[in-house]
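Here are the chains, one letter per residue:
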Amino acid sequence: MLDVNTHIKRLSTLKSSRMVHESYWSDCYRFACPTRQQFLFIDKENEFKNLYDTTLIESTQLLTSSLQQGTVPANTKWFTMRVGIDDDNTSIDQGDVWLSQVSDVMFKQIHNSNFDSEVYDFLTDIVVAGWGALYIELNNNKLNFKCWPISTVYLDSHNDQQTIDCVYREYELTAEQIRNTYPDTVHESITRAKSTDKYKLIHTIYPNKEYKKAKVNIKSNKPFKSLIIDVKNKVVLEESGYDSFPVVVSRFNKNYNDLYATGQVSQVLEDSRIVNKMNRLVLNSAELTLGGVWVAKNDGVINVNNIKLRPRTIIPANSVDDIKRIDVAGNINIGVDLITLYQNRIKRGMMSDQLTPINSSPLSATEVSARVNIIRNQLSAIFVRMQTEFLNGLLERTFDLLMRNQYLPQPPQEIINKGQGLNFTFTNPLSQSVKLESVTNINNFINTVLPLAQVNPDVLDLIDMDSIVYTLQDALAVTPEALVTKDELEQIRQAKAEAAQAQINAQQELATNQLVAQEQQLVQNEMMTQGQ
């Protein structure tokens, strides 16, 4: 019998430990992305109430879009595969062709699903709150991604390295939804409940300590166990498992000795609070300057309680001096200058001053490369964590689902013989900007060596042209199919060598025949001379 109370108590503990972060996350969403506010109930009509500046909102959208285009662009393949840690790229064999074909299938399956829409919300959570949760499953023979709201997700770790291998998700379903989804395990009280009554459920995924590879026919006998619990009735609605961890949890700037993180928004949150307050004060000042402050004589003719100053209004008074405006001193431009100063600080903190503003003209390739390099240098350590937790987790889960469901071709003998696991190499714009430095270095090297070769051609013998081509192919993310395999290369070079040797043999045979003919001609000439 599964101990349901243990999981309910554990979730309560996780809630208590996470509570210290929630008010801060709420402020981050309030100023950076109020439409995804998850930790405070806000009426949709009032979600932008008391928000007087949208600089942080626009900067968040721009940074999120740039992250998506820089890590998982839909228009170009952003990863390759290799076996183990072997970095030998001096030859292409059938195994490399298979790896390229598998990565092509994975790329198409990912971007033919709802990934691009869900990953934007996922990256938004990472930029704003510092972490996000992306659930990956195979639904109706197609990859399906769900960005779980982080307000419903609680992180846990069963190892000493604080890597996320356990999650709790608390959410609500109606009685009708529960009856339709779990008809065999639904509690009796829910079968009698109104269809619209809501019940809290807990979905927990954690490492299965009782996992045994021999028992392959048991649904719950997987490396990761999954339980869906009816909290009110303390009933397990579903017990199952996963062959790989189905939730990708990525963190932006991990907190010390904590499972949670902070996002880039935290760097400029105080500036956003200040500029929001200053905008409100400037608007109040402008209203005061335009509307003015008036004084009226309370002499029984003018009723100060009912008087309203508006266009085309006649106000009865004994004298024009009975009602007049009091000038209010103030300079709105000072407030505007300060607002501009803080808005620029927000843009710098969110790096939107280095990115292409919305509705602006496109940048040149050189400008894009320079700005990407600036962002990469500023956030290099954070992008390393994102690649480890986000991209590796995404691709490992995707490969496991597609391979187990026979969407991928079986590996050739070259892959099996290596007996090592698969690794992913990222060729997205942010990663590729690093590799492009090697291309520049190679070009500079060749341009330096060529003048020397004109003086002494023997220096070219020092250069391994094959290695240079394979290095450029990897750095420029050119598909392996563009190059011949190792066996094909050997056949081509052998054929060239045989053709060259045949040409040499033909030339030698021709020279021999010419020599024999000349000797025969000399002999004939000599015989004719002697006959005469």
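Look up: the structure comes first, before these words.
We now turn to the structure provided with this report. Not measured: the values here are computed from a predicted model.

1. Here's the deal with the overall build of the protein
Alright, step 1. A tally of helices and strands in the protein yields 14 helices and 14 strands.
Alright, step 2. Contacts in the protein between residues at least 24 apart in sequence constitute 69% of all its contacts with a sequence separation of at least 6.

2. Considering the nonpolar core
Alright, step 1. M106 and F390 are the most contacted members of the largest nonpolar core, which has 90 residues in total.
Alright, step 2. Tallying contributions element by element places helix α10 (residues 380-404) first for this core, with 10 residues.
Alright, step 3. Non-local contacts of M106, meaning those with residues more than four positions away in its chain, are made with F79, M81, L395, T398, F399, L402, L408 and F424.
Alright, step 4. Within the second largest apolar cluster, 12 residues are counted, among which are I178, I190, A193 and Y199.

3. What about the sheet that holds strand β6 (residues 198-207)?
Alright, step 1. Here we have five strands laid out as an open sheet, ordered β4-β5-β6-β7-β8, and antiparallel in their pairing. Each edge of the open sheet is held by one strand with a lone partner, namely β4 (153-156) and β8 (235-242). Sheet twist, expressed as the mean angle between neighbouring strand axes with direction ignored, is 20°.
Alright, step 2. Two strands pair when backbone bridges link them, and β4 and strand β5 (residues 166-174) are joined in this way by four bridges, in the antiparallel orientation. Residue D156 lies in a different strand from β5, and its bridge partner there is C166.
Alright, step 3. Those strands touched by helix α1 (residues 4-32) are β4, β5, β6, β7 (224-230) and β8, and its axis lies near 95° from that of β4.

4. So, a nonpolar patch on the surface
Alright, step 1. Residues L288, V293, V295 and I326 make up a contiguous nonpolar surface patch of roughly 280 Å² in combined accessible area.
Alright, step 2. Take V293: it is sitting in strand β12 (residues 293-296).
Alright, step 3. Note on V293: relative accessible area 33%, which makes it partly exposed.

5. Quick look at the pairing of strand β2 (residues 131-139)
Alright, step 1. In terms of burial, β2 is largely enclosed, as seven of its nine residues are buried.
Alright, step 2. Where β2 meets strand β9 (residues 247-251), five bridges bridge the pair, whose relative direction is antiparallel. Bridge pairing in β9 places A133 opposite V249.
Alright, step 3. Note that β2 and strand β3 (residues 142-148) share seven bridges and pair antiparallel. Its bridge partner being in β3, L134 is matched across the sheet by C147.
Alright, step 4. Here β2 folds back onto β3 in antiparallel fashion, the turn holding two residues, of which N140 has a positive phi close to 55°.

6. Points about the sheet that holds β2
Alright, step 1. Reading across the sheet, the three strands line up as β3-β2-β9 and stay open at both edges, with antiparallel pairing between neighbours. The sheet is open, and its two edges are formed by β3 and β9, each paired on a single side. Averaged over neighbouring strand pairs, the angle between their axes works out to 25° when direction is ignored.
Alright, step 2. Each of β2, β3 and β9 is contacted by helix α4 (residues 115-128), which is oriented at about 160° to β2, the strand it contacts most.

7. Brief notes about the environment of Q61
Alright, step 1. Position of Q61 relative to the elements: it lies in helix α2 (residues 55-71).
Alright, step 2. With a relative accessible area of 35%, Q61 lands in the partly exposed category.
Alright, step 3. Sequence-wise, Q61 and V127 are 66 residues apart; in three dimensions their C-alpha atoms are separated by 9.4 Å.

8. Considering the environment of R30
Alright, step 1. Locating R30 in the fold gives a position in helix α1.
Alright, step 2. In this structure, the C-alpha to C-alpha distance between R30 and N50, residues 20 residues apart in sequence, is 9.9 Å.
Alright, step 3. Residues in contact with R30, not counting those within four places in the same chain, are Q37, N50, L51 and N276.

9. So, the side chain of S113
Alright, step 1. If you trace the backbone, S113 turns up in the loop between α3 (94-111) and α4.
Alright, step 2. Within the local environment of S113, its side chain forms a polar contact with the backbone oxygen of I110, the two atoms lying 2.5 Å apart.
Alright, step 3. Engagement of the side chain of S113 in a polar contact is seen with the backbone nitrogen of F115, the distance being 3.3 Å.
Alright, step 4. Not counting residues within four places of it along the chain, the set of residues in contact with S113 comprises K142, L143 and F145.

10. A few points about α4
Alright, step 1. For α4, with 14 residues, the first-to-last C-alpha span of 20 Å sits near the 20 Å given by 1.5 Å per residue.
Alright, step 2. Within α4 the residues assigned to the buried category are F115, V119, F122, L123, T124, D125, I126, V127 and V128.

11. Description of the packing of aromatic side chains
What characterises a pair of aromatic rings is the spacing of the ring centres plus the angle enclosed by the ring planes.
Alright, step 1. Under the criterion given, the structure shown has 10 aromatic pairs.
Alright, step 2. Among the aromatic residues, those joined into a ring-pair cluster are W25, W131 and Y260.

12. Notes on the pairing of β6
Remember that side chains alternate between the two faces of the sheet whenever the strand is regular.
Alright, step 1. Burial of β6 is extensive: seven of the 10 residues sit out of reach of the surface.
Alright, step 2. Taken together, the eight bridges between β5 and β6 define a ladder with antiparallel strand orientation. Counterpart to E172 in the pairing with β6 is K200.
Alright, step 3. The sheet contact formed by β6 and β7 spans seven bridges and is antiparallel. What sits directly across from L201, in β7, is D230.

13. Some remarks on the pattern of salt bridges
Alright, step 1. Enumeration according to the criterion identifies 17 salt bridges in this entry.
Alright, step 2. Across the pair D156 and R10 runs a salt bridge whose closest N-O atoms are separated by 2.8 Å. Here R10 lies in helix α1 and D156 lies in strand β4, a separation of 146 residues in the sequence.
Alright, step 3. Residue classification places D156 among the buried positions, given a relative accessible area of 5%.
Alright, step 4. Of the residues examined, R10 reaches a relative accessible area of 31% and is grouped as partly exposed.
Alright, step 5. Between R345 and D271 there is a salt bridge, and its shortest N-O distance comes to 3.4 Å. Within this pair, whereas R345 is found in helix α8 (residues 332-349), its partner D271 is found in helix α7 (residues 269-291), the two being separated by 74 residues in sequence.
Alright, step 6. When its relative accessible area of 36% is taken as the criterion, R345 is described as partly exposed.
Alright, step 7. What emerges from the salt-bridge pattern is a single network uniting K222, D243, D400 and R404.

Here is what the cut-offs are and how they apply
Residues numbered from 1 in each chain as written. Predicted model: local features only at pLDDT ≥ 70, side-chain atom pairs only at ≥ 80, totals over all residues. Heavy atoms only, no water. Helix = DSSP H or I, 4+ residues; strand = E, 2+ residues; numbered from the N terminus. Contact = heavy atoms within 4.5 Å. Core = buried A, V, L, I, M, F, W, Y, C linked by side-chain atoms within 4.5 Å. Buried < 20%, exposed > 50% of the residue type's maximum accessible area, 1.4 Å probe, protein only. Pairing = 2+ DSSP bridges. Axes fitted to C-alpha atoms, helices over the stretch in contact; angles between N-to-C directions. Patch = residues over 30% accessible without salt bridge, like charges linked within 9 Å, V, L, I, M, F, W, Y side chains within 5 Å. Areas by Shrake-Rupley, 256 points an atom, 1.4 Å probe, with all protein chains shown as cover. Salt bridge = Lys/Arg side-chain N within 4 Å of Asp/Glu carboxyl O. Polar contact = N/O pair within 3.5 Å; in protein donor to acceptor, adjacent residues only side chain to side chain. Expected span 1.5 Å × (residues − 1). Phe/Tyr/Trp six-rings, centres within 6.5 Å; stacked < 30°, edge-to-face > 60°.

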